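Residues per chain, in single letters:
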Amino acid sequence: MKIIKRMHTFTAALVLLAGAVLPQAHAGVAERVQRATVGSVDVVVYPMDVKDVVTVMGVMPLGDAAVASRAINPALPNLTAMLVQQGTTAHDKYQIADTLSALGAEMSIDAGDTELRIRGKSLAHDMPTVLGLLVEQLRTPAFAESEFQQARAQFGAMLQQVGDNPDARAYQTLLGSLFPATSPNAAVPLETLQKAVATVTLEQIKAFHARYFGPDHMILVFTGDVSLAQARAAVTKAFAGWHGGVDFVRDAAGTPVRAAARVAVPMQDKASVSVMWGQPTGLDHAAADYLPLSLGVDVLGSGFTGRLMSSVRDQEGLTYGIGANLFGDDVVSGGFMMQATFAPELLGKGIASSERELQRWWRGGITARELAARKQSLSGAWQLQMGTTGGMAHTLLSTLVRGQDLAWIDRYPQALHALTLEQVNQAIRSHLDPATLLRVEAGSLPKS
């Protein structure tokens, strides 16, 4: 029996690996989608020309959980997400792990600020089993006292690591300063979270689970060697008799910082200083100005081809890493962030150089050459990410979470190439202002 299981696992691994790199044509993605409502679950199926592999990705909205839990115990969302993966009323965590290992399948549950995301990947005939285990964990967690104590200890240890990490401290401080408590993007202060972990109870976690976990408003995307009939049957069985759940809350907004500000987070014995600049944009992913602004920010700070890396790193040698991006805008309005790491003795020069490039980009905008190059690279990356079952599932799911129709997937390349230089540069100047950025410095700061 063990030999048979090992052969099955080895075969499954080979097939899954093959399916992960299959190229795929993407014209008319929306037209190929098969979709149905099964119970209260939005089921989306996209068959792909890959043999015997199925990927399932899903999202369970958590409504106002991130905001509401702050008045009760802000550790609740994280600890609940941890505990649902530590065994159910029917199977302990070791039995679940053994089943997945025998099938050569993958499964994960990840907590976000606005939702819980699930993912599974398996051979086609094992898909109902993997989906069943995913839903079983969400639906009937054991909530064992011993697992609760262990999860609490693990979360506390993780918070200690956050407290000792300059990047994490800078990021948390930035988010806590940019967004009001009504936004899921706002960060709970580290000290508050640490106290919350010490006082949280298992009864609070059970109540949180009962309030926010459920199939209503869930989205499940299936890609690969799968049909709508197969997905419908698997969902019907896994979700039978389960009710409850909440929808996304999409009306929470950030309040911009009105004047230039600096926050210092001194930390002892660190080799570097993490610096982050940021401000709310007032835009979510579906906003009209989001696409031109995101392209402009990509020119400024995306990887080795961005202006920041080219100047601050490659030409001046002041940092090993620097970039800029938009964040937190899938469901609610998000923000702009620029981040870099400097040696303490180079901090002053590094900040000056970074802010100089930011000002040049904001005042002068991007060039026609940069616009053309970014259109080409972003369009190519868009097509490339849909060449795997996982990439296609992620694209379909993210599009729906952002409140866009699936036809947007097909419209995106055309919308991208239709952008004008004026649109991009106007979006940069309309939604960002270097004069009102908040700057956070975390690490071993120079005494001056």
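To keep things clear, this report deals only with the structure shown in the data block. (Residues numbered from 1 in each chain as written. Predicted model: local features only at pLDDT ≥ 70, side-chain atom pairs only at ≥ 80, totals over all residues. Heavy atoms only, no water.)

**Concerning the environment of Gly-132**
Formally: Elements are defined by DSSP. Helices are runs of H or I of four residues or more, strands are runs of E of two residues or more, and each kind is numbered from the N terminus.
Secondary-structure assignment places Gly-132 in helix α6 (residues 127-139). Measuring from C-alpha to C-alpha, the distance between Gly-132 and Thr-192 comes to 37 Å, with 60 residues separating the pair along the chain.

**Focus: the pattern of salt bridges**
Quick note on the threshold: One side-chain nitrogen of Lys or Arg within 4 Å of one carboxyl oxygen of Asp or Glu is enough to make a salt bridge. Exposure is judged per residue with a 1.4 Å probe applied to protein chains only, and the accessible area is read against the type maximum: over 50% gives exposed, under 20% gives buried, and values in between give partly exposed.
As enumerated under the stated definition, the model contains 17 salt bridges in all. In this structure, Glu-115 engages Arg-117 in a salt bridge whose closest nitrogen and oxygen atoms are separated by 3.5 Å. Taken as a pair, Glu-115 and Arg-117 share a single burial class, namely buried. Between Glu-441 and Arg-262 there is a salt bridge, with the nearest N and O atoms lying 2.8 Å from each other. Linking Glu-441 in strand β11 (residues 438-443) with Arg-262 in strand β7 (residues 261-266), this pair joins segments that are 179 residues apart in sequence. Judged by relative accessible area, which is 3%, Glu-441 ranks as buried. Among the ionic contacts, a cluster of salt bridges with common partners joins Arg-262, Glu-355, Arg-439 and Glu-441.

**Focus on the sheet that holds strand β10 (residues 335-342)**
Across a sheet, strands are paired by hydrogen bonds formed along the backbone, either parallel or antiparallel in direction. Inclusion rule: Note on pairing: two strands pair once DSSP finds at least 2 bridges between them. Lines fitted to the C-alpha atoms define the axes, with helices restricted to the stretch that makes contact. Angles between their N-to-C directions range from 0 to 180 degrees.
Strand order in the open sheet formed by five strands is β7-β11-β8-β10-β9, and the pairing between neighbours is mixed. What marks the edges here is a single partner per strand, and that holds for β7 and β9 (322-327). Strand-to-strand twist of the sheet, defined as the mean angle between neighbouring strand axes without regard to direction, takes the value 15°. In this sheet, β10 lies alongside strand β8 (residues 273-280) in antiparallel orientation, the contact comprising eight bridges. Directly across from Trp-277, in β10, lies its bridge partner Met-338.

**Structural notes on the side chain of Arg-169**
Test applied: Throughout this description, a polar contact denotes any pair of N or O atoms lying within 3.5 Å of each other; where both atoms belong to protein, one of them has to be capable of donating a hydrogen while the other can accept it, and for residues adjacent in sequence the pair is counted only when both atoms sit in side chains. Contact criterion: two residues are considered in contact whenever any of their non-hydrogen atoms come within 4.5 Å of each other.
Here Arg-169 shows up in helix α8 (residues 166-178). There is a polar contact of 3.1 Å between the side chain of Arg-169 and the backbone oxygen of Gly-163. Apart from residues lying up to four places away in sequence, Arg-169 is in contact with Val-162, Gly-163, Leu-190, Val-265, Met-267 and Ala-442.

**Focus on the sheet that holds strand β3 (residues 53-61)**
Ordered in space as β1-β2-β6-β3-β5-β4, the six strands form an open sheet in which the pairing is mixed. Two strands close off the open sheet at either side, each with one partner strand: β1 (34-38) and β4 (106-111). On average, each strand axis in the sheet is inclined to that of its neighbour by 15°, with strand direction left out of account.

**Digging into the packing of aromatic side chains**
Going by this rule: Only centres within 6.5 Å qualify two rings of Phe, Tyr or Trp (six-membered ring in Trp) as a pair; their planes then separate them into stacked at under 30 degrees, edge-to-face at over 60, and tilted for everything else. We call a charge positioned over a ring when the NZ of a Lys or the CZ of an Arg lies within 6 Å of the ring centre and within 35 degrees of the ring normal.
Counted by the stated rule, this structure contains seven aromatic pairs. Ring geometry for Trp-408 and Tyr-412: centres 5.8 Å apart, planes at 75°, overall edge-to-face. Pair noted here: Trp-408 and Tyr-412 are both in helix α17 (residues 407-418), with a separation of four residues, about one helical turn. Judged on exposure class, the residue Trp-408 and its partner Tyr-412 are both buried. Among the aromatic residues, ring-to-ring pairing joins Tyr-171, Phe-179 and Phe-327 into one connected group. The ring of Tyr-212 carries Arg-211 above its face, with NZ or CZ at 4.8 Å from the centroid.

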